[in-house]
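Results of the structural survey
So the chains spell out like this:
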Amino acid sequence: VQLQASGGGLVQAGGSLRLSCAASGRTYRRYAMGWFRQAPGKEREFAAAISWSGGSTVYADSVKGRLTISRDNAKNTVYLQMNSLKPEDTAVYYCAADPNSSTVVTALSTRYIYWGQGTEVTVSS
């Protein structure tokens, strides 16, 4: 599975962005998917994850209520809608796939086997 993240950019605080992650190669439809982020000088952290059906989602406390993960399996794409952005949301955002899970979603990065290249989000104050 190859993952291609896109949609990052520069936005003012309070603004919105929608990230996309397109999957190709072996079918990803039964994979749980996640978004992680890494801010400058910090370790990578979990942001959000979604089950293969879309019926289960989990969010980091820091993004809950502002970021929404969704997926369109017909398009092999997972999305991260980001609203009310803050300067502390500035990071490179990575999408990832957990091929060993269908209904269970997890924040553990070690469960995710396939990773995209990342897309950069910068939020100015």
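In what follows, the structure referred to is the one given above.
Below: a short report on this structure. Keep in mind that this is a model prediction, so the values were computed, not measured.

1. Details of the side chain of serine 51
With respect to the element layout, serine 51 can be found in the loop between strand E5 (45-50) and strand E6 (57-59). Once residues within four sequence positions are removed from consideration, serine 51 is found in contact with Ala32, Ser56, Arg71, Ser102, Thr103 and Val105.

2. A word on the packing of aromatic side chains
Enumeration according to the criterion identifies 5 aromatic pairs in this entry. Measuring from centroid to centroid gives 6.2 Å for tyrosine 31 and tyrosine 114, while their planes differ by 15 degrees, and the two rings are stacked. Of this pair, tyrosine 31 sits in the loop between strand E3 (17-24) and strand E4 (32-38) while tyrosine 114 sits in strand E10 (residues 114-115), placing them 83 residues apart in sequence. By relative accessible area, tyrosine 114 is classed as partly exposed at 23%. Here the aromatic rings of phenylalanine 36 and tyrosine 112 are separated by 5.2 Å at their centres, their planes lie at 75 degrees, and the arrangement is edge-to-face. With a gap of 76 residues between them, phenylalanine 36 in strand E4 and tyrosine 112 in the loop between strand E9 (91-98) and E10 connect regions that are remote in the sequence. For the pair phenylalanine 36 and tyrosine 112, one class covers both residues: buried.

3. Let's talk about the state of the cysteines
Inspection of every chain in the model, using the stated rule, returns 1 disulfide. Between the sulfur atoms of cysteine 21 and its disulfide partner cysteine 95 the distance amounts to 2.1 Å. Between cysteine 21 and cysteine 95 the disulfide shows an S-S torsion of about 65 degrees. By sign, it is right-handed. Separated by 74 residues along the polypeptide, cysteine 21 in strand E3 and cysteine 95 in strand E9 bring together distant segments of the chain. Owing to a relative accessible area of 0%, cysteine 95 belongs among the buried residues under this scheme.

4. Comments concerning the nonpolar core
Core analysis: the biggest nonpolar cluster contains 37 residues, and Leu3, Trp35, Ile69, Leu80, Met82 and Tyr93 have the highest contact counts within it. Breaking this core down by element, the ones donating at least two residues are strand E1 (2-6), E3, E4, E5, strand E7 (67-72), strand E8 (77-82), E9 and strand E11 (119-124). In this view, isoleucine 69 contacts Met33, Trp35, Ala48, Ala49, Ile50, Thr57, Tyr59, Val78, Tyr79 and Leu80; residues no more than four positions away in its chain are not counted.

Calculation notes
- Residues numbered from 1 in each chain as written.
- Predicted model: local features only at pLDDT ≥ 70, side-chain atom pairs only at ≥ 80, totals over all residues.
- Heavy atoms only, no water.
- Helix = DSSP H or I, 4+ residues; strand = E, 2+ residues; numbered from the N terminus.
- Contact = heavy atoms within 4.5 Å.
- Phe/Tyr/Trp six-rings, centres within 6.5 Å; stacked < 30°, edge-to-face > 60°.
- Buried < 20%, exposed > 50% of the residue type's maximum accessible area, 1.4 Å probe, protein only.
- Disulfide = S-S within 2.5 Å.
- Core = buried A, V, L, I, M, F, W, Y, C linked by side-chain atoms within 4.5 Å.

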